[in-house]
Amino acid sequence: MDRIYFDNAATTPVDPRVAQEMAKVLMEYPGNPSSIHREGRTARTRIEQARKEIAQLLHASIGEIFFTSCGTESNNMALKCSVRDLGVRRIISARTEHHAVLHCLDRLETEGVIIDYVRQESSGHIDLEHLKVLMDQKDAPKTLVSLMHANNEIGTMLPLHQVAEWCAARDILFHSDTVQTMGYFPIDVSNTPIHFLTGSAHKFYGPKGIGFIYINSNNQIKPFIDGGSQERNMRAGTENITGIVGMAEALKLKWGARDKHKQQIRTVRDHLAKRLQAAIPGVTFNGDPFGDSHYKILSVSFPASAKSELLLFNLDISGISVSGGSACTSGSDAGSHVLDALMPGDIRTTIRFSFSHHNTVEEIDRLIEVLVKHV
Ligand SMILES: Cc1ncc(COP(=O)(O)O)c(C=O)c1O
């Protein structure tokens, strides 16, 4: 029997049309984009075309998109360059951010940056009143707000536009980790005053190891990686042209199919929620899945028992791939820093199901059969 993949928040399979375009680039663009001969110029033109395509989708200008190696690097660049180059001395963030942000904050704190964590509801929603109190703190040094658009473990979303406007009104910089929402929700930087956004191709059916950062042109930061003058001097290193073209192609395709996919994914997710509630007593959903939440994620807690502790393992043996938290922690026994922050002391077994448009209700029915046996 085919395996069932419900871990699309960890990564998504590459769209075959993306792979095809990438294969073409591998074979037909041998030049180094920094070379001035024809092969170099052709490769450069292809990269700039990809940049333009991404910029157009976001309503950004071409000079505001920089290619990086992944979402993690993009988040590091936004936070560390804000401190180093833009005078930021205080960052307001949340305990449920991805480690790509949280571990940067830990590092910056050791360098004297003040980190203030905003209060959150148990659903993961930011306490917006507390956020405003923190933003309005008198005599605060130059501040940046870093809050993710959708949480990768429970899906809870931030009112991005509203927070962006609050930051703009107070002359506070705003970075949002949009790795989980890029391509899934419309983002228009021409009417959302945001300073930094981040994207990672492998979350929207593109290749792994390529990402980008949007940096609003009013922010003049210095190079994040020193060396050659690639990425307009901002990030040295010969460009991953295959990845860059693949990422732009993937984002275009995802953007175009967004509404159709949303309906398909919601149908599958809602079917799972309904069947779980009917089949397994005591099951609960984390976050705010039917409120302001990413539709591709359903985080489910099962009553604690010796059997449920082995759930992830038993699902895998039965051909079903899911995750215990985020992909980055599921390889270790670290548990979920997100659930620990929102529901300290909770000992239930939590599984994150995350979907793509490839999933079907028949797969959910198969999952329920297996779950009933193993919970
Ligand atoms: C919210 C969020 N931010 C950042 C990342 C890191 O992205 P990448 O794997 O491209 O480094 C992830 C990936 O899991 C994520 O979900």
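In what follows, the structure referred to is the one given above.
Residues numbered from 1 in each chain as written. Predicted model: local features only at pLDDT ≥ 70, side-chain atom pairs only at ≥ 80, totals over all residues.

Draft legend 1. Geometry of the pairing of strand β8 (residues 211-215). Counting buried positions over the 5 residues of β8 gives 5, a clear majority of the element. With burial as the criterion, each face of β8 is covered, one bearing G211, I213 and I215 and the other bearing F212 and Y214. Here strand β2 (residues 65-68) runs beside β8; their pairing, made up of 4 bridges, is antiparallel. Looking across to β8, one finds that T68 is bridged to G211. (Buried ≥ 20, exposed ≤ 12 C-beta atoms within 10 Å, placed from the backbone. Helix = DSSP H or I, 4+ residues; strand = E, 2+ residues; numbered from the N terminus. Pairing = 2+ DSSP bridges.)

Draft legend 2. Representation of the pairing of strand β10 (residues 297-302) within the structure. Of all 6 residues making up β10, 5 are buried, and the element is well covered by its neighbours. Judged from the 6 bridges that link them, β10 and strand β12 (residues 349-354) form a sheet pairing that is antiparallel. Considered in β12, the bridge of S301 is made with T350.

Draft legend 3. Here's a closer look at the site of the ligand. The local shell around the ligand holds 14 residues, among which C70, G71, T72, N152 and S200 are the closest. Of the residues contributing to the shell around the ligand, the split by class is 5 nonpolar, 8 polar and 1 charged. (Near = placed C-beta within 6 Å. Nonpolar A, V, L, I, M, F, W, Y, C, P; charged D, E, K, R; others polar.)

Draft legend 4. Here's a closer look at helix α6 (residues 160-169). Residues of α6 that are buried include every one of L160, V163, A164 and C167, and no others. For α6, the arc enclosing every buried residue in end-on projection is 105°, short of the 170-degree limit, so these residues lie on one face. Of the exposed residues in α6, those oriented more than 90 degrees away from the buried face are Q162 and A169. If you follow the buried residues of α6, they end up packed against β5 (143-146) and β6 (173-176). Looking one or two residues beyond α6, the residue adopting positive phi is D171, at roughly 60°. (Arc of directions from axis to C-beta. Contact = placed C-beta atoms within 7 Å.)

Draft legend 5. A look at the packing of helix α7 (residues 241-279) against helix α11 (residues 361-374). Two elements in contact, α7 and α11, have axes whose closest approach is 9 Å; the angle formed by their N-to-C orientations is 25°. With respect to their mutual orientation, α7 and α11 come out roughly parallel. Handedness of the crossing formed by α7 with α11: right-handed. Contacts between α7 and α11 involve T267, V268, H271, L272, R275 and A279 from the first element and V361, I364, I368 and V372 from the second. Each residue belonging to the contact of α7 with α11 can be placed in one class, and the counts come to 7 nonpolar, 2 polar and 1 charged. (Axes fitted to C-alpha atoms, helices over the stretch in contact; angles between N-to-C directions. Parallel < 35°, antiparallel > 145°, perpendicular 65-115°, else oblique. Left-handed = near helix turned anticlockwise from the far one by under 90°.)

Draft legend 6. Structural detail: the environment of A10. Mapped onto the elements, A10 comes out in the loop between β1 (4-5) and α1 (16-28). Along the backbone, A10 and I65 are 55 residues apart, and their C-alpha atoms lie at a distance of 24 Å.

The values are spatial; any link to function lies outside them.
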